[in-house]
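# Topology and contacts: notes
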Amino acid sequence: MALHVIVGAGPVGSATAELLAGRDEQVRVISRRGGGPEHPAIERIAADATDAGTLTRHADGAVALYNCANPRYHRWLTDWPPLAAALLTTAERTGAVLTIMGNLYGHGPGHEHITARTPLEATHPKLRMRARMWQDALAAHEAGRIRTTEVRASDYLEANSIFSFGLAAPVLAGKRAYLPTALDVPHSWTSIGDAATTLVTVATDERAWGKAWLVPTNPPLTVRELAHRFAVVAGAPEPRLTSVPYPLLWSAGLFSPTLRELRTTRYQFVHPFVIDSSVTERTFGLAPTDLDTVLKRVTGP
């Protein structure tokens, strides 16, 4: 039974902790509030993960250190640098494999079909931040200071998703849903459970270290197609959808930090945004969870 230390008690961190605990591993979840799943094999610790000394103490003896933290978008430039630095320092001090839960923001606009070879070309400061975090970790890996790998996912389905942001509740209630996105553009949607499985897989497989991997993800669907599939699974009426005009979304961002951040990533929803996870699937023998199975876990905001 090996020790795995997870920073972040959100949906991905919690799913990863539960998966590891179900495999009889020892799990330690670190977050500011000491959150995380309740399980005999999971120790929940309230701590400041930006403190490298504290984090090193809690990660001593760990085989893997998972970065599953997710600061609010409008605080990325403030919150990510000290946390990323502490994780690098801790990985170097403890020898734990730094396993990063990443995303696709680092690629930036202009990439409608993302593969394992797509370059990181983001120029916006917040998008560039995610690319730089991986590049710093990779540089430390190549210098022999740490071992690291990164897992990248598209937009999630089960939580912090388009369903919780205005889709699930109206569809289930048979009401019109107003969404801040285009409705008929192909988009990849990733399961949080598949992200957790990929994290756990690459953390202890030497073939994964020094590389980034795309989470196994089902074929793309437009928002309209996804809503229809969800309605069928949930036994709800045929969805009625309206796309919120961009000028209205821009104006709403004056009063909401969350809506304001949607301006930065709007390119992902007005152009095709599709990932090809076949390299991950072939290398590790993984496959995405059946979409209907995932959608059954979606109940609302």
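Our structure's up above, just so we're on the same page.
Cut-offs used in this document
Residues numbered from 1 in each chain as written. Predicted model: local features only at pLDDT ≥ 70, side-chain atom pairs only at ≥ 80, totals over all residues. Heavy atoms only, no water. Helix = DSSP H or I, 4+ residues; strand = E, 2+ residues; numbered from the N terminus. Rg over C-alpha atoms; globule rule 2.2 N^0.38 Å. Buried < 20%, exposed > 50% of the residue type's maximum accessible area, 1.4 Å probe, protein only. Contact = heavy atoms within 4.5 Å. Lys, Arg positive; Asp, Glu negative; His and termini not counted. Charge placed at Lys NZ, Arg CZ, Asp CG, Glu CD. Pairing = 2+ DSSP bridges. Axes fitted to C-alpha atoms, helices over the stretch in contact; angles between N-to-C directions. Parallel < 35°, antiparallel > 145°, perpendicular 65-115°, else oblique. Left-handed = near helix turned anticlockwise from the far one by under 90°. Nonpolar A, V, L, I, M, F, W, Y, C, P; charged D, E, K, R; others polar. Phe/Tyr/Trp six-rings, centres within 6.5 Å; stacked < 30°, edge-to-face > 60°. Lys NZ or Arg CZ within 6 Å of the ring centre and 35° of its normal. Core = buried A, V, L, I, M, F, W, Y, C linked by side-chain atoms within 4.5 Å.

### Focus on the overall build of the chain
A count of helical and extended segments in the chain gives 12 helices and 13 strands. Whereas a compact globule of 301 residues would reach a radius of gyration of roughly 19 Å, the chain reaches 19 Å, a difference of no more than 12%. For the chain, the C-alpha atoms occupy an extent of roughly 55 × 40 × 40 Å along the three principal directions. Put simply, the chain has 301 residues, and 52% of those count as buried. Taking as baseline every contact in the chain between residues at least 6 positions apart, the subset at least 24 positions apart corresponds to 73%. Treating the 30 positive side-chain charges of the chain as one cloud and the 28 negative ones as another, the clouds have centres 6 Å apart.

### What about the pairing of strand E4 (residues 64–67)?
In summary, the side chains of a regular strand alternate between the two faces of the sheet. Judged by which residues are buried, E4 turns out to be covered on both faces: Ala64 and Tyr66 on one side and Leu65 and Asn67 on the other are all buried. By the bridge criterion, four bridges tie strand E1 (residues 3–7) to E4 in an arrangement that is parallel. Counted as the bridge partner of Val7 is Asn67 from E4. Here E4 pairs with strand E5 (residues 97–103) via four bridges, running parallel. When the sheet's bridge partners are listed, Leu65 is paired in E5 with Leu98.

### What to know about the side chain of Thr181
Residue placement: Thr181 occurs in the loop between strand E9 (176–179) and strand E10 (189–190). On the accessibility criterion, Thr181 (7% relative accessible area) is buried.

### Observations regarding the packing of helix H1 (residues 11–22) against helix H6 (residues 192–203)
Where H1 meets H6, the closest approach of the two axes is 9 Å, and the angle between their N-to-C directions is 60°. On the basis of the axis angle, H1 is oblique to H6. At the point where H1 passes H6, the crossing takes the right-handed sense. When H1 is examined against H6, the residues Pro11, Val12, Ala15, Thr16, Leu19 and Leu20 are found in contact with a partner set consisting of Ile192, Ala196, Thr197, Leu199 and Val200. Class assignment for the residues of the contact of H1 with H6 results in nine nonpolar, two polar and no charged.

### Here we look at the packing of aromatic side chains
By the definition in use, this model includes seven aromatic pairs. Ring geometry for Tyr73 and Trp76: centres 5.1 Å apart, planes at 90°, overall edge-to-face. Residue classification places Trp76 among the buried residues on the basis of a relative accessible area of 2%. On the basis of an interplanar angle of 70° and a centroid distance of 4.8 Å, the ring pair of Trp213 and Phe284 is categorised as edge-to-face. With Trp213 in strand E11 (residues 212–214) and Phe284 in helix H11 (residues 278–284), this residue pair connects regions lying 71 residues apart in the sequence. In this structure Trp213 comes out as buried when scored by relative accessible area, which is 6%. Given a relative accessible area of 12%, Phe284 falls into the buried group. Three or more aromatic residues link up through ring pairs in this structure, and these residues are Tyr73, Trp76 and Tyr105. The ring centre of Trp76 lies 5.9 Å from the NZ or CZ of Arg130, which sits over that ring. Of note, Arg147 hangs over the ring of Trp209, and the distance from its end group to the ring centre comes to 4.8 Å.

### Some remarks on the nonpolar core
The biggest cluster of nonpolar side chains holds 41 residues, and the ones touching the most others in it are Val7, Leu65 and Leu98. Of all the secondary-structure elements, those providing two or more residues to this core are E1, helix H2 (52–59), helix H3 (76–94), E5, helix H4 (125–142) and E11. Tallying contributions element by element places H3 first for this core, with eight residues. With residues near it in sequence (within four places) discarded, Val7 still touches Ile30, Ala49, Leu55, Leu65, Tyr66, Asn67, Cys68, Ala69, Leu83 and Leu87. Counting residues in each nonpolar core, the second largest holds 31 residues, with Ile6, Ala41, Cys68 and Val151 among its members.

As far as function goes, none of this settles anything; it's purely spatial.
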